[in-house]
Amino acid sequence: MNNTGPGLLTLFCLAAIPFFGRAENTDSNTARLESIRIDIRELEDSIRGAGDEKVFLIRELEENEKDASRMATKLDQLNYSIAGKVQAIRDLQSQQRERQQELRVQKDSLGRQIRAAYISGRADYLKLLLNQQDPQRIGRVLAYYDYHNRQRLAGISDTQDRIRETAMLENRIRVENAALIELKQQHEAQLALLQNSREMRLAIIAKLDQYISARGEELERLHVQERELEKLIESIGDTGADPIGFFEDIAPFDTLRGTLEWPIRGNILHSFGSPKKGGDLNWQGILIEAQAGTEVKAISTGKVVFADWFKNLGLLLIIEHGDGYMSLYGHNQSLSKKQGDWVLPGEPVAVVGDSGGQARSGLYFEIRHRGKPLNPVRWCKK
């Protein structure tokens, strides 16, 4: 701070007052100057601390959304496992009903055999033998009774086997049910963690928005976002040879204008070229409204060249389509592909979310050619 002007003014004022009051006023002005200097230092410390807090909040937001992405993937796996257990239980219950029906049929058959044996037993087995004068006929009678006895014993054994089998199936169903309950508990625990993580992230976003609003830095943040994204696009574009060009059966991207499928279906919240908040910048892509969890699909064949969290765009995925063309997908809840993966048209690459500090879920979508933004409406089907 340059104190020359104020110092001369102070000396001039002191010369105009009585001599005996000079020492008192000089001490007062010195104390006031020191107080102002203290206030300046405190304000500088406050601004510096606020800047540090902003950096901390952005880092915390990044980690929080990455955790939420991992939890969302885990929930998908649990849902798949639960569906498998439910189907296994249904299969076992179907088998159980079949065994129970077979058991009822076997019991009925065995009951009829026992009743028949009881009725024929009244004729007196010994009398039948004594009344038969022909030895061969006696042998046939004995064989007949022996056969029916074996049939009864076999029926009893088969019935016992089916009872044991049914009991085993019931036990398996109980085991599968217990596993299903455990999976559901894990599912609920993961849901609780995800909800807690989401509430924490919303609190972080609220603090960050409050900070930006209080200090009027929204416009600068957008400038920084634009510069950093252009820098990222430029760095990706410096990779050298065009890998897509090696595949002759893939149609050049510039021939697909107006034929590409949209990555998701939904209302366009912000159109290409419309002014952003602050009025100094325009949207270089479009923002499509969609529910969280909606699958995001690749618009064309390409290679994933970026798949990570990016400031203000959250979980971002970029696909290179050859000849300098790229498509960008931002604000995702989770990413299904990693850097280096190849994708086909219509293949799921991410899941819609609201990462990057968004108040509502949706997909930020861009198409670029050699770093220059293109209007996606002119490239995708109407």
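Now for a look at the structure at hand. Here the structure is a predicted model, which is why all the values come from computation and not from measurement. Counting from 1, residues in each chain are numbered in the order their sequence is written. Per-residue local features of the predicted model are confined to residues with pLDDT of at least 70, and side-chain atom pairs are confined, for both listing and counting, to 80 or more; whole-chain, interface and lining totals are unaffected and use all residues. Heavy atoms from the whole structure form the basis of all side-chain values; hydrogens and water molecules are not counted.

Time to look at the overall build of the protein chain. A run of H or I in DSSP becomes a helix once it reaches four residues, and a run of E becomes a strand once it reaches two; helices and strands are each numbered from the N terminus. On a plain count of helices and strands, the protein chain comes out with 5 helices and 10 strands. Any two residues whose heavy atoms approach within 4.5 Å are treated as being in contact. For the protein chain, contacts bridging at least 24 residues in sequence account for 71% of all contacts bridging at least 6. In this description, accessible areas are obtained by the Shrake-Rupley approach with a 1.4 Å probe, and a residue is regarded as covered only by the protein chains that are shown. Counting only carbon and sulfur atoms, one obtains 54% of the accessible surface of the protein chain, whose full area is about 23,700 Å².

With that out of the way, let us pick up the pairing of strand 9 (residues 362–369). Of all 8 residues making up strand 9, 7 are buried, and the element is well covered by its neighbours. Two strands pair when backbone bridges link them, and strand 2 (residues 286–289) and strand 9 are joined in this way by 4 bridges, in the antiparallel orientation. Following the sheet pairing, I286 is matched in strand 9 by F365. Pairing between strands is defined by DSSP: at least two bridges between them are needed. Here strand 6 (residues 325–335) runs beside strand 9; their pairing, made up of 6 bridges, is antiparallel. Considered in strand 9, the bridge of Y329 is made with F365. By the bridge criterion, 3 bridges tie strand 9 to strand 10 (residues 372–374) in an arrangement that is antiparallel. Bridge assignment links R368 to a residue of strand 10, and that residue is P373. Partly exposed residues are those whose accessible area sits between 20% and 50% of the maximum for their type, while under 20% is buried and over 50% is exposed, using a 1.4 Å probe and protein chains only.

Right, let's talk about the pairing of strand 6 for a bit. Judged by how many residues are buried, strand 6 sits mostly within the fold: 9 of 11 residues are covered. When strand 6 meets strand 8 (residues 348–352), the two strands line up antiparallel, connected through 3 bridges. What sits directly across from S334, in strand 8, is V351.

Note on placement: S355 falls in the loop between strand 8 and strand 9. Using a relative accessible area of 3% as the deciding quantity, one classes S355 as buried. Engagement of the side chain of S355 in a polar contact is seen with the backbone oxygen of N332, the distance being 2.6 Å. If near-sequence neighbours (up to four positions away) are discounted, S355 is found in contact with E65, L313, G314, L315, H331 and N332. Polar contact is the term for a pair of N or O atoms within 3.5 Å; when the atoms are in protein, one must be able to donate a hydrogen and the other to accept it, and sequence-neighboring residues count only if both atoms are side-chain atoms.

So, on to the nonpolar core. Core analysis: the biggest nonpolar cluster contains 26 residues, and F253, V296, I319, Y329, V349 and F365 have the highest contact counts within it. Elements with a contribution of two residues or more to this core: strand 2, strand 5 (314–322), strand 6, strand 8 and strand 9. The residues touching Y329, leaving out its near neighbours within four places in the chain, are P263, V296, K297, A298, I299, L315, L316, L317, I319, L363, Y364 and F365. Grouping buried Ala, Val, Leu, Ile, Met, Phe, Trp, Tyr and Cys residues that are joined through side-chain atoms within 4.5 Å yields what is termed a nonpolar core. Core analysis: the next-biggest nonpolar cluster, separate from the first, contains 14 residues, L229, W283, L287 and L313 among them.

This part takes up the packing of aromatic side chains. Working definition: rings of Phe, Tyr and Trp (its six-membered ring) pair if their centres are within 6.5 Å, and the pair is stacked with planes under 30 degrees apart, edge-to-face with planes over 60 apart, and tilted otherwise. Under the defined criterion, the tally for this structure stands at 7 aromatic pairs. On the numbers, 5.9 Å between centres and 45° between planes, the contact of W283 with Y364 is tilted. One end of the pair, W283, is in the loop between strand 1 (268–270) and strand 2; the other, Y364, is in strand 9, with 81 residues separating them in the sequence. We note that W283, like Y364, is buried.

Take the environment of K297 next. Counting through the fold element by element, K297 comes out in strand 3 (residues 295–297). By relative accessible area, K297 is classed as partly exposed at 36%. For the pair K297 and S336, spaced 39 residues apart in sequence, the C-alpha separation works out to 10.0 Å. With near-sequence residues (within four places) excluded, K297 lies in contact with P263, Y329, G346, E347, P348 and V349.

Further remarks concern the pattern of salt bridges. Put simply, a salt bridge is a Lys or Arg side-chain nitrogen that is within 4 Å of an Asp or Glu carboxyl oxygen. Taken as a whole and assessed by the stated rule, the structure comprises 8 salt bridges. Across the pair K338 and D341 runs a salt bridge whose closest N-O atoms are separated by 3.3 Å. K338 gets classed as exposed once you look at its relative accessible area, which sits at 54%.

The next point concerns the environment of R162. Here R162 is to be found in helix 4 (residues 135–215). A relative accessible area of 22% places R162 in the partly exposed class. Every residue in contact with R162, bar those within four places of it in the chain, is listed here: R99, E102 and L103.

So, on to unusual backbone geometry. Backbone geometry at N312 places phi at a positive 75°, although glycine is not the residue there. Following the sequence through the fold, N312 ends up in the loop between strand 4 (302–310) and strand 5. With a phi angle near 50°, R370 is a residue other than glycine that sits in the positive phi range. By secondary structure assignment, the location of R370 is in the loop between strand 9 and strand 10. Residue classification places R370 among the exposed positions, given a relative accessible area of 60%.

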